[in-house]
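# Reading the structure
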Protein chains: 2
Amino acid sequence: MTAPAPAPTSTRELVLDDSWAYGAGVLHGGWLLETIASVALEATGHPHPLAVSAHYVAAPRLGAASVEVEPLREGRTVGSLRARLAQDGRPKVEVLLSAGTLPAAGTAPFLIDAAPPSLPSPQDCLLHEMPSGLPRNGILENLEIRLDPATASWTRGSFGGSAEVAGWIRSSSGRVVDPLFLLTVADALPPVTFDLGIGGWVPTVELTVLLRCQPVDGWLRVVQRARSVHGGWLDEECEVWDSAGQLVAQARQLAGYREPSA
Amino acid sequence: MTAPAPAPTSTRELVLDDSWAYGAGVLHGGWLLETIASVALEATGHPHPLAVSAHYVAAPRLGAASVEVEPLREGRTVGSLRARLAQDGRPKVEVLLSAGTLPAAGTAPFLIDAAPPSLPSPQDCLLHEMPSGLPRNGILENLEIRLDPATASWTRGSFGGSAEVAGWIRSSSGRVVDPLFLLTVADALPPVTFDLGIGGWVPTVELTVLLRCQPVDGWLRVVQRARSVHGGWLDEECEVWDSAGQLVAQARQLAGYREPSA
């Protein structure tokens, strides 16, 4: 007996506005991932994203775009889909998504070999704001990000040399935390390159987010680390913990950077 | 000025033989990933895979298969491709690949915040062999895997309860280490679930491998860890270090498991 053929490919038209843009139109990778995943998820009967992988092919611009969703297989425990954000017929962000059911909040893990970052309280952390003179940043208009001062020496004009940034994140508008929101949050901290004294744009080549547990609402604790900054490429791994102390998302990206001239 | 359109989609027919199969035909996920990536890489002018993401849609069987490769964009520093292993018109493994140029072996990293696993010498490690009575394992016919005894208590019939497995890996046939080989190696250690006393099949849902440096030839040191084993899903992250002490690959997968009944 063969499985039924999956649903046909469908296309959704949408408009990318500047709500989450940096400056005049650089769109936030995490928000793009959430936007694409939310369309893809409608084409499966499984409720949650389990793993979402994106390769950023070219920077989308503001304006009309389409999201093409191709269901690959609708299995009993996992639904697999491919999705593409395109403009003028050219792929901009290519995504694979495996959907299923996340453990319910409060379910004890069989094993957890990790701990949430130890942070000062939100009021004792630094509200992440753009210094005056820099372009506006849509991420900071949509999210309240409070950075652990110990990991943000660059905000004081020096460089700690640490490849770690940590802080608290919540929605500025009171949006409730759900699995899709975690896709945005997993790419929301400033890049670890800031504290290394590496300036400039850090374009994401690839970003994969694993969702691990249904989150509860409240402040999220987020920590981002690089293991290797090497020859123009760096990895950033990100953990997101919810206010109940559950590990709710693990992300890793490969990004590019330009080494400061000696 | 717009970029030239990428090359058209192409399809390669191939036959999946049982060289890398477990038992009667369960094919190794890492070897499948390398097989697909090696076909995809021919469709770009960039020499190395930088990031390769696979979602395992359904288990392929032995026999005829096709690999469809769709170039998404051929940029100056990165080429982006989508590839699909299919049988009878159904997707089995769906892959995204970003290609570029890896740092040359011996290039000093700007920052490295990781260390190779500390292991006994290969001759003081355990040759990983299948216990008699179990099906043959193609991985162990193609690779010499020598496990750190401290992380392999399950080979002695007990369970260490550790979510880490480490060891040495090289080709059994003298194949030289290259970036594509690392895709196979990044999924070659036994699952961490063995030492947790979780038996049974651990199917990979998603596997992403980041390649970080051109490897030198010789024994590879490989370590695999789970951070969270929770409600039927676990992550396994894997680091591969070459014989010159370079971090050459970082992988992470999401896999399924069945919790032992209490």
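Residues numbered from 1 in each chain as written. Chains lettered and ligands numbered in written order. Predicted model: local features only at pLDDT ≥ 70, side-chain atom pairs only at ≥ 80, totals over all residues. Heavy atoms only, no water.

### Considering the overall build of chain A
Counting its secondary structure elements, chain A contains three helices and 16 strands. Burial status across chain A gives 60% buried among its 262 residues. A sequence separation of at least 24 residues applies to 71% of the contacts in chain A between residues at least 6 apart. If you average the places of the 19 positive and of the 28 negative side-chain charges in chain A, the two averages end up 3 Å apart. (Helix = DSSP H or I, 4+ residues; strand = E, 2+ residues; numbered from the N terminus. Buried < 20%, exposed > 50% of the residue type's maximum accessible area, 1.4 Å probe, protein only. Contact = heavy atoms within 4.5 Å. Lys, Arg positive; Asp, Glu negative; His and termini not counted. Charge placed at Lys NZ, Arg CZ, Asp CG, Glu CD.)

### Points about the interface of chain B and chain A
On the side of chain A, 64 residues touch chain B, which itself brings 64 residues to the contact. Of the roughly 5300 Å² buried where chain B meets chain A, counting both sides, 59% is carbon and sulfur surface. At the junction of chain B with chain A, the criterion picks out six salt bridges. For the salt bridge of D235(A) with R212(B), the shortest nitrogen-to-oxygen distance reads 2.8 Å. Where chain B touches chain A, the interface holds 31 residue pairs in polar contact (both at pLDDT 80 or more). By residue number, the principal contributor to the side of chain B that touches chain A is strand β7 (residues 90-100) of chain B, which donates seven residues. Each residue belonging to the side of chain B that touches chain A can be placed in one class, and the counts come to 36 nonpolar, 14 polar and 14 charged. With two bridges connecting them, strand β8 (residues 111-112) of chain A and strand β14 (residues 228-230) of chain B associate as antiparallel partners. (Buried area = accessible area lost by both parts, 1.4 Å probe. Salt bridge = Lys/Arg side-chain N within 4 Å of Asp/Glu carboxyl O. Polar contact = N/O pair within 3.5 Å; in protein donor to acceptor, adjacent residues only side chain to side chain. Nonpolar A, V, L, I, M, F, W, Y, C, P; charged D, E, K, R; others polar. Pairing = 2+ DSSP bridges.)

### Considering the relation of the copies chain B and chain A
Two chain copies here: they are related by a rotation about an axis and a translation along the same axis. Expressed as a screw transformation, the operator carrying chain B onto chain A has a rotation angle of 180 degrees and an axial translation of 0.0 Å, and the superposed copies differ by an RMSD of 0.0 Å. Between the two chains, the operation in question is that of a two-fold axis. Of the C-alpha atoms belonging to chain B, the one lying closest to the rotation axis is found on S53(B), 3.4 Å away. When the interface residues of chain B are mapped onto chain A, 100% of them are again interface residues, pointing to one common binding face. (Least-squares fit on C-alpha atoms with pLDDT ≥ 70 in both.)

### Quick look at the domain arrangement of chain A
All names here are of chain A. Examined at the domain level, chain A breaks down into domain 1 (1-101) and domain 2 (118-262). For domain 1 versus domain 2, the separation of C-alpha centres amounts to 23 Å. Taken together, the 25 residues of domain 1 in the interface contact 27 residues of domain 2. Summing the contributions of domain 1 and of domain 2, the shared interface buries around 2200 Å²; its carbon and sulfur component is 59%. Its largest share of buried area at the contact with domain 2, domain 1 owes to W20, Y22 and E34, together 28% of the area lost on that side. Our count for the domain 1 to domain 2 interface comes out at two salt bridges. When the shortest N-O distance is used, the salt bridge between R136 and D18 registers 3.9 Å. (Domains from an automatic or database assignment.)

### A closer look at the UniProt feature "domain: Acyl-CoA thioesterase-like N-terminal HotDog" (unreviewed entry) in chain A
Per the UniProt entry, the sites bearing "domain: Acyl-CoA thioesterase-like N-terminal HotDog" (unreviewed entry) are residues 17-97 of chain A in this numbering. Between the C-alpha atoms that bound residues 17-97 of chain A there is a distance of 24 Å. The span itself is 16% helix and 52% strand. (UniProt positions renumbered as here; feature names shortened; annotations may be inferred.)

### Some points on helix α1 (residues 29-41) of chain A
Residues and elements named next belong to chain A. Here α1 is 13 residues long and its end C-alpha atoms lie 18 Å apart, about the 18 Å a rise of 1.5 Å per residue gives. Across the 13 residues that make up α1, a large majority, 12, are buried. Taken together, the buried positions of α1 are occupied by G29, G30, W31, L32, L33, E34, T35, I36, A37, V39, A40 and L41. (Expected span 1.5 Å × (residues − 1).)

### Structural notes on the UniProt feature "domain: Acyl-CoA thioesterase-like C-terminal" (unreviewed entry) in chain A
The positions that UniProt labels "domain: Acyl-CoA thioesterase-like C-terminal" (unreviewed entry) are, in the present scheme, residues 122-255 of chain A. When the span residues 122-255 of chain A is considered, its composition is 9% helix and 37% strand, and the gap between its end C-alpha atoms is 28 Å.

### Section: a nonpolar patch on the surface
On the surface, a cluster of nonpolar side chains totalling about 400 Å² of accessible area is made up of Y22(B), V26(B), L134(B) and W201(B). The class of W201(B) is exposed, set by a relative accessible area of 60%. (Patch = residues over 30% accessible without salt bridge, like charges linked within 9 Å, V, L, I, M, F, W, Y side chains within 5 Å. Areas by Shrake-Rupley, 256 points an atom, 1.4 Å probe, with all protein chains shown as cover.)

### Concerning the environment of G199(A)
Within the element layout of this structure, G199(A) appears in the loop between α3 (179-185) and β12 (204-211). Put simply, G199(A) and E259(A) are 60 residues apart on the chain and 8.6 Å apart in space, counted from C-alpha to C-alpha.

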